[in-house]
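# Tertiary structure, described
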Amino acid sequence: MPKAYIFTEYGGPETQTFVDLPRPVPGPGQLLVAVHAAGVNPVDWKLRAGYVREVLPLTLPATLGTEVSGVVEEIGDGVEGFAIGDEVFGALPFAGGYAEYALLPVQAAAHKPASVSFTDAATLSVSAATAHQGIGLLNLKPDATVLVNGAGGGVGVAAVQIARNLGATVIGTASPGKAELVSSLGATHVTYGEGVADRVAAIAPLGVDAILDLVGGEALYAVAHLAADKSGIITAVDPTAASELGGGYFQVEQNGEALSALAELVASGALDPHVTKVVPLAEAATALAAVEAGHALGKTVLKVR
């Protein structure tokens with residue numbers, strides 16, 4: 001039977017294990033996808049840890065993984081625009097990606113351009129989609145200066161590129177080990193931690209027009225005062241801070257049209273997902289541990305086929 005990497009209860013990595021599961025059967029509005037690649041994201045371990053169970057409840061045990069690419073094997077009732085054999089990618093509503101087969105909701109699926117690899121496509125529906133939506137909410141002008149707080153991860157890497165494509169000047173906070181990556185994207189790297197606000201102010205003495213926050217907590221509070229207009233602070237991770245600071249919080253909303261637009265950016269060369277590590281599904285534990293520890297550089301992808 002097909003293999004899947006699941007967690008049996010909310011908790012730490014000790015709850016993770018491989019199991020054999022029957023091949024899923026697509027319901028109405030679903031595509032059964034033979035998974036070729038699955039993105040590894042911080043939300044995966046946060047779901048396992050139970051941090052978001054109140055807003056994203058799961059029936060346990062649950063298969064890890066929230067974004068995949070692959071080939072359509074079966075189609076559920078009511079599905080239009082897709083056919084068996086189509087190469088697709090998309091977002092899973094809660095989990096299910098670290099597996100040989102996954103059920104992909106048609107409203108969160110898109111066709112994969114032939115020129116975009118399965119590994120690149122598997123990174124778009126969570127990380128890149130979050131970046132695309134977050135930058136969009138900032139309504140940046142071409143001469144704007146934006147601070148991407150947490151620029152070295154999968155979302156940050158995409159956000160820097162999307163903001164740069166709009167003509168914005170970008171400052172990105174990240175660890176020293178990610179300085180070369182952030183700089184290569186066209187952003188000015190600033191090391192996070194004590195004194196970060198002074199380091200940003202030295203680059204932008206008049207402050208910044210907007211902040212896209214991908215870290216939250218003290219890291220956001222430390223730089224929030226640099227935003228000329230606090231409504232220009234948008235966070236994807238800390239609704240409490242957003243409320244207290246006068247900014248905004250958002251959760252990514254995937255849809256096929258937006259995902260197709262992201263894929264075209266990749267196909268045109270305007271967006272590089274920066275997949276820096278591709279590992280077999282059998283090494284899912286190691287890959288997720290690196291992302292959970294914050295050691296992953298760029299995007300990590302599981303190769304399933």
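Residues numbered from 1 in each chain as written. Predicted model: local features only at pLDDT ≥ 70, side-chain atom pairs only at ≥ 80, totals over all residues. Heavy atoms only, no water.

### What about the sheet that holds strand S2 (residues 16–20)?
Pairing within the open sheet is antiparallel, and its 3 strands lie in the order S2-S1-S4. Only two strands of the sheet have a single partner each, and these edge strands are S2 and strand S4 (62–63). Where strand S1 (residues 3–7) meets S2, 5 bridges bridge the pair, whose relative direction is antiparallel. When the bridges of S2 are listed, Ile6 appears paired with Thr17. (Pairing = 2+ DSSP bridges. Helix = DSSP H or I, 4+ residues; strand = E, 2+ residues; numbered from the N terminus.)

### Looking at the side chain of Ser125
On the secondary structure map, Ser125 appears in helix H3 (residues 124–138). Excluding residues that lie within four positions of it along the chain, Ser125 makes contacts with Glu67, Gly90, Ala91, Gln254 and Leu259. (Contact = heavy atoms within 4.5 Å.)

### Let's talk about the packing of aromatic side chains
Under the defined criterion, the tally for this structure stands at 3 aromatic pairs. Pairing Tyr5 with Phe18 gives two aromatic rings, centres 4.5 Å apart and planes at 45 degrees, and the pair type is tilted. Of this pair, Tyr5 sits in strand S1 while Phe18 sits in strand S2, placing them 13 residues apart in sequence. Residues Trp45 and Tyr51 carry aromatic rings whose centres are separated by 5.7 Å and whose planes lie at 75 degrees to one another, so their mutual orientation is edge-to-face. A relative accessible area of 59% places Tyr51 in the exposed class. (Phe/Tyr/Trp six-rings, centres within 6.5 Å; stacked < 30°, edge-to-face > 60°. Buried < 20%, exposed > 50% of the residue type's maximum accessible area, 1.4 Å probe, protein only.)

### Things to note about the side chain of Thr145
If you trace the backbone, Thr145 turns up in strand S9 (residues 145–149). Among the residues examined, Thr145 registers a relative accessible area of 17% and is labelled buried.

### Some remarks on the pairing of strand S12 (residues 210–213)
Side-chain alternation along S12 places Ala210 and Leu212 on one buried face and Ile211 and Asp213 on a second face that is also buried. Where S9 lies against S12, 4 bridges are found, and the strand directions are parallel. Bridge assignment links Val148 to a residue of S12, and that residue is Leu212. One ladder, built from 3 bridges, connects S12 with strand S13 (residues 233–235); its direction is parallel. Considered in S13, the bridge of Leu212 is made with Ile234.

### Examining the environment of Asp20
Within the secondary structure layout, Asp20 lies in strand S2. Taking the C-alpha atoms as reference points, Asp20 and Pro93, 73 residues apart in sequence, are found 22 Å from one another. Dropping the residues within four chain positions of it, Asp20 is found in contact with Met1, Pro2 and Lys3. Only 3.2 Å separates the side chain of Asp20 from the side chain of Lys3, close enough to count as a polar contact. (Polar contact = N/O pair within 3.5 Å; in protein donor to acceptor, adjacent residues only side chain to side chain.)

### Some points on the confidence of the model for the protein
Mean pLDDT over the protein works out to 94, with 100% of the residues at or above the 70 mark. Highest mean pLDDT in the protein belongs to S12 (98); lowest belongs to helix H1 (residues 42–49) (91). (pLDDT = per-residue confidence, 0-100.)

### Concerning the pairing of S1
Burial analysis of S1 places 4 of its 5 residues in the buried class, the great majority of the element. Note that S1 and S4 share 2 bridges and pair antiparallel. Note on S4: the bridge partner recorded for Ile6 is Thr63.

### Describing the pattern of salt bridges
Taken as a whole, this structure holds 6 salt bridges when the rule is applied. A salt bridge links Glu292 to Arg48; its shortest N-O distance comes to 2.9 Å. Of the two residues, Glu292 is situated in helix H10 (residues 284–292) and Arg48 in helix H1; the sequence distance between them amounts to 244 residues. Residues Lys112 and Glu87 are paired through a salt bridge, measuring 3.0 Å at the closest nitrogen-oxygen approach. Here Lys112, found in the loop between strand S8 (109–111) and helix H2 (118–121), pairs with Glu87, found in strand S6 (residues 87–91); they are 25 residues apart in sequence, far enough to count as distant. Where salt bridges share partners, they join Arg23, Glu73 and Glu74 into one cluster. (Salt bridge = Lys/Arg side-chain N within 4 Å of Asp/Glu carboxyl O.)

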